[in-house]
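Inside the fold
Listed below, chain by chain, are the residues.
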Amino acid sequence: MIELEGVPELIDPVMVAAFEGWNDAGDAASTAVAHLDREWKGEVFAALDAEDYYDFQVNRPTVWLDGGVRKITWPTTRLSVVRVGGEKPRDLVLVRGIEPSMRWRSFCNELLGFAHELGVELVVILGALLGDTPHTRPVPISGTTSDPDLAQRMDLEETKYEGPTGIVGILQEACTHAGVPAVSLWAAVPHYVSQPPNPKATLALLNRLEDLIDVRIPLGELAEDARAWQVGVDQLAAEDSEVAEYVQTLEEARDTAELPEASGEAIAREFERYLRRRDGGQPGQPGGHATADGSDSTAYLRDSPGGGRTRPPKPPKPDPETGAEPEADRDTDAGTGPGTGPDDGDPPSEE
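Just so you know, these numbers come straight off a predicted model, no measurement behind them.

Assigned secondary structure in the protein chain consists of 10 helices and 12 strands. In the protein chain, which comprises 351 residues, the share counted as buried stands at 47%. As displayed, the protein chain has an accessible area near 17,600 Å², and 49% of this comes from carbon and sulfur atoms.

Here's what the structure looks like:
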């Protein structure tokens, strides 16, 4: 039994979790939870024992000075609680840490123990993967769940993913088996510029989270940071004609694929968010990251040790009339096209 001291009775609590590492391309997900913790001044009430879950040769502790006294910070996962005011106050339990090195089942059971003791009604797990998406377009966000009823009620995809998974997928399944409603929100980060930070992807995750749990999130300077990030990547891409051509190819494929989906529902959702904000006022790990096909990947738009720049592969251009890729390319790259997102917290694949 987990005994919690000093934690007040929570109001309609939602647990929001993110983990650094394979599930966190561009540090987009962990930065989103850190933003919530900072903006709402979260108070840490628990930390998991680092000895139980982490390999310190993979995630090394750090030494720092506090008034001349040397102290050690161990890699772990911490839980904090924040209270969101307004007409409908509700509390958030924020879980922020590093993907564990071992004992994943025990790790998830311990988190679920906290969720049970705190009366958590919904678990939302944030993640980010590397995908074939251009940095110049809105960040694709995929919302998935293993619960058919929850998928229908919250307008989410019901997962059908099969393949490699990270702690996000394992935690979501643990929630499902424990009878705790759980949702995964994933941002697709351009694989050719995966270095953190990626404020544009962080902003997109927070906007989707805001819609999901019906809470207005103060964004601070994130919108301005996202614009500055895009301008910076534009400048880098403009310096290399091959990268610029590749980005243009991704833009064309994305625009062709999404043209039929420019629905009134999407426009209405953006307009509702605008009205809410107008009325309420404006308040990486070694080993690569998850990709759209479940494999690991590293950044493209950066200097290599030899002084050159690694070139991203050029994707096939879609048919201008149908938007479809050539059959051979669909067979070899299933599930890696623009705008694809993960199911059940995992990189997606096409059926």
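Predicted confidence across the protein chain gives a mean pLDDT of 80, with 73% of residues reaching 70 or more. Confidence scores differ between elements of the protein chain, with helix α10 (residues 327-332) showing the lowest mean pLDDT of 41 and strand β1 (residues 14-20) the highest of 97. Predicted confidence for residues 281-286 stays below pLDDT 50, and this span has 17 contacts to residues more than four positions away or in other chains. With pLDDT under 50 throughout, residues 302-318 is counted as low confidence; its partners more than four residues away or in other chains account for 34 contacts.

Here we come to the side chain of threonine 76. Structurally, the position occupied by threonine 76 is in the loop between β4 (69-73) and β5 (78-84). Given the relative accessible area of 8%, threonine 76 is considered buried. At 2.5 Å, the side chain of threonine 76 and the backbone oxygen of leucine 48 are in polar contact. Excluding residues that lie within four positions of it along the chain, threonine 76 makes contacts with Ala47, Leu48, Ala50, Tyr54, Arg96, Gly97 and Ile98.

Moving on to the pairing of strand β6 (residues 90-98). When a strand is regular, its side chains alternate between the sheet's two faces. For β6, a buried count of eight out of nine residues is recorded, marking the element as mostly surrounded by other parts of the structure. Relative to β6, β1 runs parallel, the two sharing seven bridges. Following the sheet pairing, alanine 18 is matched in β6 by arginine 96. Summarising the sheet, β5 and β6 pair through seven bridges and their orientation is antiparallel. The residue of β6 that forms the bridge with valine 82 is leucine 92.

So, about the environment of threonine 31. Inspection of the secondary structure puts threonine 31 in helix α1 (residues 28-39). On the accessibility criterion, threonine 31 (30% relative accessible area) is partly exposed.

Turning our eyes to something else, we now look at the sheet that holds strand β7 (residues 122-131). Spatially, the eight strands line up as an open sheet ordered β2-β5-β6-β1-β7-β10-β8-β9, and their pairing is mixed. Looking at strand neighbours, the two that pair on one side only are β2 (43-47) and β9 (157-158), the edges of this open sheet. Two strands pair when backbone bridges link them, and β1 and β7 are joined in this way by five bridges, in the parallel orientation. Each residue of the ladder has a partner; that of valine 16, found in β7, is valine 124. Of the strands in this sheet, β1, β7, β8 (141-145) and β10 (182-190) touch helix α5 (residues 167-177), which is tilted by about 165° from β10.

Before going further, it helps to examine the packing of aromatic side chains. According to the stated counting rule, one finds five aromatic pairs in the structure shown. The interplanar angle of 50° and the centroid separation of 4.9 Å between the aromatic rings of phenylalanine 56 and tryptophan 74 together place this pair among those described as tilted. Taken together, the residues phenylalanine 56 in the loop between α2 (50-53) and β3 (62-66) and tryptophan 74 in the loop between β4 and β5 connect sequence positions 18 residues apart. Between tyrosine 192 and tyrosine 246 the ring centres are 5.9 Å apart and the planes differ by 85°, which places this aromatic pair in the edge-to-face class.

Turning to the pattern of salt bridges, a few remarks are in order. Summed over all chains, the structure comprises five salt bridges. Of the charged contacts in the structure, one is a salt bridge between lysine 71 and aspartate 66, with a shortest N-O distance of 2.8 Å. For aspartate 66, a relative accessible area of 35% corresponds to the partly exposed category. Between arginine 83 and aspartate 91 there is a salt bridge whose closest N-O contact spans 2.6 Å. In this structure, a network of salt bridges that share partners links the residues Arg137, Glu251 and Asp255.

Relative to the helices and strands, alanine 29 resides in helix α1. The buried category is assigned to alanine 29, whose relative accessible area is 0%. Note: C-alpha distance between alanine 29 and isoleucine 125 (96 residues apart in sequence) is 8.8 Å. Sequence-distant contacts of alanine 29, that is, excluding residues within four places in its chain, are made with Ala18, Asp24, Leu126, Gly127, Ala128 and Leu205.

The rules behind each value
- Residues numbered from 1 in each chain as written.
- Predicted model: local features only at pLDDT ≥ 70, side-chain atom pairs only at ≥ 80, totals over all residues.
- Heavy atoms only, no water.
- Helix = DSSP H or I, 4+ residues; strand = E, 2+ residues; numbered from the N terminus.
- Buried < 20%, exposed > 50% of the residue type's maximum accessible area, 1.4 Å probe, protein only.
- Areas by Shrake-Rupley, 256 points an atom, 1.4 Å probe, with all protein chains shown as cover.
- pLDDT = per-residue confidence, 0-100.
- Contact = heavy atoms within 4.5 Å.
- Polar contact = N/O pair within 3.5 Å; in protein donor to acceptor, adjacent residues only side chain to side chain.
- Pairing = 2+ DSSP bridges.
- Axes fitted to C-alpha atoms, helices over the stretch in contact; angles between N-to-C directions.
- Phe/Tyr/Trp six-rings, centres within 6.5 Å; stacked < 30°, edge-to-face > 60°.
- Salt bridge = Lys/Arg side-chain N within 4 Å of Asp/Glu carboxyl O.

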